[in-house]
Amino acid sequence: MSVTVHGTPGWSLSDSGGAKYGSAARRGAFHERQVARALEQWLTARLDHFDLFHDLAGFHQVRGAGLKPRSLGAADIDHGMLTGGTWLIVDAKGCCDRCPRWEPAPVSFR
């Protein structure tokens, strides 16, 4: 039905990671963009609406569930999908030719 995209896949790796991690950051950003493209195509074909978030970082003072604010430190979530009240988190990793490939499959969020 529809997907609302927030953020840019691989942005933190492309923006500041290249100076620190070199070719590994470029490779990681490439794979994050590939996963983002596959997720967007997959979600667009579904009947419900999704919000698709890319490159979520900087989780300081996270609140909820009546708990005191917490810091998740340097956590970086590559992709997050939200529909209704359900989240699905995806961490993109670069694979070599011998690594298994991820293929989107039907998922029930109930």
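Parameters and conventions
Every chain begins its residue count from 1, and numbering advances along the sequence as written. Only residues with pLDDT of at least 70 get local features here, since the model is predicted, and only at 80 or more are side-chain atom pairs given and counted; chain-wide, interface and lining totals rely on the full set of residues. Derived side-chain values reflect all non-hydrogen atoms in the structure, with water molecules and hydrogen atoms excluded from consideration. Between rings of Phe, Tyr and Trp, where Trp is taken as its six-membered ring, a pair exists when centres lie within 6.5 Å; planes separated by under 30 degrees are stacked, by over 60 edge-to-face, and by other angles tilted. Going along the chain from the N terminus, every DSSP run of H or I of four or more residues is numbered as a helix, and every run of E of two or more is numbered as a strand. One side-chain nitrogen of Lys or Arg within 4 Å of one carboxyl oxygen of Asp or Glu is enough to make a salt bridge. Given the number of residues in a helix, its expected span is that number minus one, multiplied by 1.5 Å. Only protein chains enter the accessibility calculation, which uses a 1.4 Å probe; a residue whose area is less than 20% of its type maximum is buried, one above 50% is exposed, and one in between is partly exposed. The directions from the helix axis to the C-beta atoms are what the arc is built from. One requirement defines pairing of two strands: DSSP has to find at least two bridges between them. Helix axes are fitted only over the stretch in contact, all axes being lines through C-alpha atoms; the angle between N-to-C directions runs from 0 to 180 degrees. Contacts are residue-level and defined by heavy atoms, with any inter-residue pair within 4.5 Å sufficient. Any N or O atom pair separated by 3.5 Å or less is treated as a polar contact, with the protein-specific requirement of one donor-capable and one acceptor-capable atom, and with residues adjacent in sequence counted only for side-chain atom pairs. Buried Ala, Val, Leu, Ile, Met, Phe, Trp, Tyr and Cys residues that are joined via side-chain atoms within 4.5 Å together make up what is termed a nonpolar core.

**Remarks on the packing of aromatic side chains**
Here is step 1: Summed over the entire model, instances satisfying the criterion amount to one aromatic pair.
Here is step 2: A centroid spacing of 5.4 Å and a plane angle of 40 degrees characterise the contact between Phe53 and Trp87, whose relative ring orientation is tilted. Taken as a pair, Phe53 in strand β2 (residues 49–57) and Trp87 in strand β6 (residues 86–90) lie far apart in primary sequence, 34 residues in all.

**As for the pattern of salt bridges**
Here is step 1: Tallying each qualifying case throughout the model produces one salt bridge.
Here is step 2: Asp48 is paired through a salt bridge with Arg46; the nearest N and O atoms lie 3.8 Å apart.

**A look at helix α2 (residues 23–44)**
Here is step 1: With 22 residues, α2 ought to run about 32 Å at 1.5 Å a step, and its terminal C-alpha atoms sit 32 Å apart, in line with that.
Here is step 2: All buried positions along α2 are accounted for by Ala25, Gly28, Ala29, His31, Glu32, Val35, Ala36, Leu39, Trp42 and Leu43. When α2 is viewed along its axis, its buried side chains cluster within an angular range of 165 degrees and face the same direction. What points out from α2, more than 90 degrees from its buried face, is the exposed set Arg26 and Gln41.

**As for the sheet that holds β2**
Here is step 1: Strands sit in the order β1-β2-β5-β6 across an open sheet of four strands; the sheet is mixed. If you trace the sheet from one side to the other, it starts and ends with β1 (2–6) and β6, each paired once. Strand after strand, the sheet turns through a mean of 20 degrees between neighbouring axes, direction not considered.
Here is step 2: In terms of strand pairing, strand β5 (residues 76–83) meets β6 through five bridges, oriented antiparallel. Each residue of the ladder has a partner; that of Thr83, found in β6, is Thr86.
Here is step 3: Lying over the sheet, α2 contacts β1, β2, β5 and β6, oriented at roughly 5 degrees with respect to β5.

**Looking at the environment of Pro69**
Here is step 1: Note that Pro69 resides in strand β4 (residues 67–70).
Here is step 2: The class of Pro69 is partly exposed, set by a relative accessible area of 35%.

**A word on the side chain of Thr83**
Here is step 1: Within the fold, Thr83 resides in strand β5.
Here is step 2: Side-chain polar atoms of Thr83 contact the backbone oxygen of His49, separated by 3.0 Å.

**Thoughts on the pairing of β4**
Here is step 1: In the sheet, strand β3 (residues 62–64) pairs with β4 via two bridges, with the strands oriented antiparallel. In the strand pairing of β4, Gly64 is matched with Leu67.
Here is step 2: Here β3 folds back onto β4 in antiparallel fashion, the turn holding two residues, of which Ala65 has a positive phi close to 55 degrees.

**Structural notes on the nonpolar core**
Here is step 1: Counting nine residues, the largest nonpolar core is built from Val35, Leu39, Trp42, Leu43, Phe50, Leu52, Met81, Val90 and Ala92.
Here is step 2: Those elements giving two or more residues to this core turn out to be α2 and β2.
Here is step 3: When residues in this core are grouped by element, the largest group, four residues, is from α2.

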